[in-house]
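In case you want the letters, here they are:
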Amino acid sequence: MNYFRAIFSGLIVWISVSFSFYILGLIPFIKDHFLIQAILVMFGIVFFAIIGAKIYYKKVVETNGLLLGIVMSLTALILDILITVPFVEIPNGRSYYSFFSSPILWILATINALSVYFYWKKKNTFNSKTKKLVS
């Protein structure tokens, strides 16, 4: 596994999710409804994870998709510890505990890891079929 590329892909996902929550927080009706924001981001994270996986698998093809998804999710969680909670959550009156005890966070991390896994699985299935056709 190329850890630099995996962490970079996780950074892309974290930036995308953070930006999504920021933009949704500016929309008048949605800004007061966290659950609606979370549901929209749950759909978006599938695409963000696939983009991160495409970036990773552009040069590295052997890595298991679930392992990559977990590393990408862990990268995002570490960035949440270092940036999101101290600079966004705490100034708004929340804490590390409230942030990390939210089921939404863990659902998003799981969706991210599974999206990368299914992207990898589909990519490998497609590649193995095309290799059989060429042979």
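Residues numbered from 1 in each chain as written. Predicted model: local features only at pLDDT ≥ 70, side-chain atom pairs only at ≥ 80, totals over all residues. Heavy atoms only, no water.

1. Re the nonpolar core
Stated precisely, the cut-off is as follows: Grouping buried Ala, Val, Leu, Ile, Met, Phe, Trp, Tyr and Cys residues that are joined through side-chain atoms within 4.5 Å yields what is termed a nonpolar core. Burial status follows relative accessibility: with a 1.4 Å probe on protein chains alone, a residue under 20% of its type maximum counts as buried, one over 50% as exposed, and anything between as partly exposed. Under the DSSP-based scheme used, a helix requires at least four consecutive residues in state H or I and a strand at least two consecutive residues in state E, with every element numbered from the N terminus. By definition, residues are in contact when any of their heavy atoms lie within 4.5 Å.
Counting residues in hydrophobic clusters, the biggest one holds 23 residues, and the most contacted among them are V17, I45, Y56, Y57, L68, L108 and V116. Counting residues per element, the ones that place at least two in this core are helix 1 (3–24), helix 2 (34–57), helix 3 (65–89) and helix 5 (103–134). Broken down by element, this core gets its largest block of residues, 9 residues, from helix 2. Once residues within four sequence positions are removed from consideration, Y56 is found in contact with M1, N2, R5, A6, S9, T63 and L68.

2. Some thoughts on the packing of helix 1 against helix 3
Which entries qualify depends on this criterion: Note on geometry: axes are lines fitted to C-alpha atoms, helical ones only across the stretch in contact, with angles between N-to-C directions running from 0 to 180 degrees. Any angle that is under 35 degrees is reported as roughly parallel, and any over 145 degrees as roughly antiparallel; angles of 65 to 115 degrees are reported as roughly perpendicular and all others as oblique. In a left-handed crossing the near helix is turned counterclockwise from the far helix by less than a right angle, and in a right-handed crossing that turn is clockwise. Ten residue types, Ala, Val, Leu, Ile, Met, Phe, Trp, Tyr, Cys and Pro, are classed as nonpolar, four, Asp, Glu, Lys and Arg, as charged, and the remainder, Gly among them, as polar.
It is at 8 Å that the axes of helix 1 and helix 3 come closest, and there the two elements cross at 55°. In terms of orientation, helix 1 and helix 3 fall into the oblique class. Seen from above, helix 1 lies across helix 3 with right-handed handedness. Listed contacts from helix 3 to A6, I7, S9, G10, L11, V13, W14 and S18 of helix 1 are L68, V71, M72, T75, A76, L79, D80, I83 and T84. Per-class residue counts for the contact of helix 1 with helix 3 are 11 nonpolar, 5 polar and 1 charged.

3. With respect to the side chain of S73
Mapped onto the elements of the fold, S73 is located in helix 3. Assessed through its relative accessible area of 8%, S73 is described here as buried.

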